[in-house]
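Below, each chain spelled out in residue letters.
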Amino acid sequence: NFQHNIRTYLEGRLQLRQATHQQDNITQQLTRSSCTASIAISRKMADKAKPEDKSATPEGDGKAGAAITATGAAAAAPASEAKEGKKHPSGLSLDERFTIVRSIGQECIQESELRTLLEKHPCPIAYDGFEPSGRMHIAQGILKAINVNKLTKCGVKFVFWVADWFAMLNNKMGGDLKKIKKVGEYMIEVWKAAGMDLENVEFKWAQEEINKKPNEYWMLVMDIARRNSIARVKRCATIMGRDSGDEMPSAQILYPAMQCADIFFLKANICQLGMDQRKVNMLAREYLDHRDIKKKYRFKPIILSHPMLMGLKKNQVKMSKSDPNSAIFMEDEPHQVKKKIKSAYCPPGEIKDNPILDYCKNIIFNRNGKMLIERDEANGGNIEYQAYEDLEADFRDEKLHPGDLKVAVIKALNAMLDPVRKHFSSGYPKQLLKQVRSFKVTR
């Protein structure tokens with residue numbers, strides 16, 4: 001009887017596992033079909049809305065656009081696509097998609113894997129996890145919107161992981177989950193107003209999603225934790241804005257293992273986060289080096305890390321929410337933007353560690369593809385730069401004065417932020433912003 005009971009139990013477990021695996025496969029197929037259909041619909045709507053322009057280039061900076069035109073228009077379709085007569089739902093060639101997606105990252109690990117993913121997978125998943133930790137600065141708002149739009153244009157589905165539990169572990173908003181949830185709602189409202197195309201974007205709240213499949217999630221976390229030393233995990237402390245030498249509560253040892261698990265839990269193919277998250281993303285790739293784990297996944301997660309925008313003060317490597325004068329916030333008023341940019345570090349001819357040039361490159365040219373400098377005739381007259389490199393060269397040679405550059409930056413940033421200000425000027429968004437501003441930001 002004992003043997004019979006054991007055999008019955010094992011057979012039941014096997015049937016349950018097979019059923020779960022079959023359900024996951026069906027879910028993935030439905031997700032891919034839905035994603036492909038939504039991309040095709042979006043493309044058709046865009047084609048109807050816009051007049052045909054054979055000279056137009058995909059969005060991005062000037063050089064990226066030129067590269068896409070040169071390679072994308074002339075290059076033959078990939079062998080697999082050409083042989084089968086298939087066309088990607090986005091309407092873009094593999095070369096075009098790779099160039100646009102790759103332009104997002106200051107670093108890509110690995111480029112060959114990214115190209116293979118885009119060739120083999122019609123609708124890969126990219127993810128970014130964010131802690132609701134206070135008001136949103138321009139890197140989170142505008143730069144993230146630019147990156148998401150580039151990815152979804154190429155057929156990538158983007159998942160935002162609203163990391164409420166992570167914010168609590170990191171003591172953001174004093175660990176108050178109610179406040180953290182309000183900040184998360186505020187951040188989503190910002191992206192709605194900041195020009196992000198939400199057609200192929202999904203927001204998932206960590207607490208809610210983990211509680212739907214707790215066994216799957218926590219088994220992942222525990223497996224990652226048991227395969228890594230405390231020393232290896234502590235090296236990831238910088239993902240929380242901490243140094244490895246800081247005194248840390250044990251909750252922050254748990255954090256990296258959880259963030260690593262997120263990637264597999266969300267079935268993400270691309271980790272599209274900032275350079276400051278590189279160490280934990282590498283931990284996820286290392287996890288797949290274990291032979292038994294590698295068998296479960298078709299691709300290693302690709303790391304596509306965008307650059308970190310500098311703080312506006314001298315020697316500020318990155319912006320800080322705890323220092324309001326170090327960054328432009330998404331609902332800053334025009335006079336606040338003017339004051340911050342006017343006082344920002346920008347010595348004549350100095351291109352290294354210059355935050356104003358950093359804003360020009362990663363925000364203005366990245367979104368607009370050009371930049372207009374308005375000057376009096378006595379100072380050289382107006383000039384429109386079509387590439388960031390030309391502007392940088394003129395600044396280095398002191399042909400472009402910091403005062404004239406700052407005026408142009410103020411005008412460009414205020415134009416981008418104006419829709420967000422209007423969005424938060426009435427109704428529920430206005431109430432939400434008032435609440436968020438009342439919360440004390442904790443490190």
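Predicted, not measured: the structure shown is a model, and the values here were computed from it.

How each quantity is defined
Residues numbered from 1 in each chain as written. Predicted model: local features only at pLDDT ≥ 70, side-chain atom pairs only at ≥ 80, totals over all residues. Heavy atoms only, no water. Buried < 20%, exposed > 50% of the residue type's maximum accessible area, 1.4 Å probe, protein only. Helix = DSSP H or I, 4+ residues; strand = E, 2+ residues; numbered from the N terminus. Pairing = 2+ DSSP bridges. Core = buried A, V, L, I, M, F, W, Y, C linked by side-chain atoms within 4.5 Å. Contact = heavy atoms within 4.5 Å. Axes fitted to C-alpha atoms, helices over the stretch in contact; angles between N-to-C directions. pLDDT = per-residue confidence, 0-100. Phe/Tyr/Trp six-rings, centres within 6.5 Å; stacked < 30°, edge-to-face > 60°. Lys NZ or Arg CZ within 6 Å of the ring centre and 35° of its normal. Parallel < 35°, antiparallel > 145°, perpendicular 65-115°, else oblique. Left-handed = near helix turned anticlockwise from the far one by under 90°. Salt bridge = Lys/Arg side-chain N within 4 Å of Asp/Glu carboxyl O. Expected span 1.5 Å × (residues − 1). Bend = angle between axes of the 7 residues up to and from the residue.

Because side chains alternate across strand β6 (residues 302–305), one face comprises the buried residues Ile 302 and Leu 304, and the other comprises Ile 303 and Ser 305, equally buried. Sheet analysis places strand β1 (residues 107–109) next to β6, joined by 3 bridges and oriented antiparallel. Across the sheet, the residue bridging to Glu 107 is Ser 305, located in β6. Here 2 bridges tie strand β5 (residues 270–271) to β6, and the two strands are oriented parallel to one another. Note that in β6 the partner of Ile 270 across the bridge is Ile 302.

On to the environment of Gly 91. As for its placement among the helices and strands, Gly 91 is situated in the loop between α3 (79–84) and α4 (94–102). Classification of Gly 91 by relative accessible area gives partly exposed; the value is 27%. The spacing of Gly 91 and Cys 154 is 63 residues in sequence and 8.5 Å in space, taken between C-alpha atoms.

Let's shift gears to the nonpolar core. Formed by 82 residues in total, the largest nonpolar core has its most connected members in Tyr 186, Met 371, Leu 391, Leu 405 and Leu 413. No other element matches helix α18 (residues 402–423), which puts 9 residues into this core. Of all hydrophobic cores here, the second largest spans 33 residues; its members include Ile 125, Val 221, Met 258 and Leu 288.

This part covers the sheet that holds β6. With mixed pairing, the 6 strands of this open sheet are ordered in space as β1-β6-β5-β2-β3-β4. Either end of the sheet is taken by a strand with one partner, and the two such strands are β1 and β4 (201–205). As paired strands, strand β2 (residues 125–130) and β5 are joined by 2 bridges and run parallel to one another. Each bridged residue has a counterpart across the sheet, and for Tyr 127 the counterpart in β5 is Cys 271. In the packing of helix α12 (residues 251–265) onto the sheet, contacts are made with β2, β3 (157–162) and β5, and the angle to β2 comes to roughly 150°.

Per-chain confidence: the protein chain averages 83 in pLDDT, with 77% of residues scoring 70 or above. Every residue in residues 44–84 scores below 50 in pLDDT, and together they form 40 contacts with partners more than four places removed in sequence or on other chains.

Further remarks concern the packing of aromatic side chains. As enumerated under the stated definition, the model contains 15 aromatic pairs in all. Ring centres of Tyr 217 and Phe 265 lie 5.1 Å apart, and the angle between their planes is 80°; on these two criteria the pair is classed as edge-to-face. Taken together, the positions of Tyr 217 in helix α10 (residues 214–226) and Phe 265 in helix α12 put the pair 48 residues apart, joining distant regions of the chain. Here Phe 265 falls in the buried class, since its relative accessible area comes to 9%. An aromatic cluster is defined as three or more aromatic residues linked by ring pairs; in this entry it consists of Phe 130, Phe 158, Phe 160, Trp 191 and Phe 203. One residue, Arg 115, lies across the ring of Phe 98, its end atom 5.6 Å from the ring centre. Over the ring of Trp 205 we find Lys 181; its NZ or CZ atom is 4.3 Å from the centre of that ring.

What follows concerns the packing of helix α6 (residues 138–153) against helix α16 (residues 355–368). Two elements in contact, α6 and α16, have axes whose closest approach is 10 Å; the angle formed by their N-to-C orientations is 45°. With respect to each other, α6 and α16 are oriented oblique. Regarding α6 and α16, the two cross each other, and that crossing is left-handed. Counting all contacts with α6, which are made through Ile 138, Ile 142, Leu 143, Ile 146, Asn 147 and Lys 150, the residues of α16 involved are Tyr 359, Asn 362, Ile 363, Asn 366 and Arg 367.

Turning to the pattern of salt bridges, a few remarks are in order. Within the structure shown, the criterion is met by 24 salt bridges. Here Arg 421 and Asp 418 are joined by a salt bridge, their closest N and O atoms 3.9 Å apart. Taken as a pair, Arg 421 and Asp 418 lie in helix α18 at a separation of 3 residues, close to a single helical turn. Looking at Arg 421, the relative accessible area reads 11%, which means it is buried. Look at the salt bridges and you will find they share partners, linking Arg 135, Glu 331, Asp 332, Lys 340 and Arg 437 into a network.

Take α16 next. For α16, which comprises 14 residues, the first-to-last C-alpha distance of 18 Å matches the rise-based estimate of 20 Å (1.5 Å per residue) to within 8%. Of all bends in α16, the biggest is about 30°, found at Lys 361. Of all 14 residues making up α16, 11 are buried, and the element is well covered by its neighbours. All of the buried residues in α16 are Pro 355, Ile 356, Leu 357, Asp 358, Tyr 359, Cys 360, Asn 362, Ile 363, Ile 364, Phe 365 and Asn 366.

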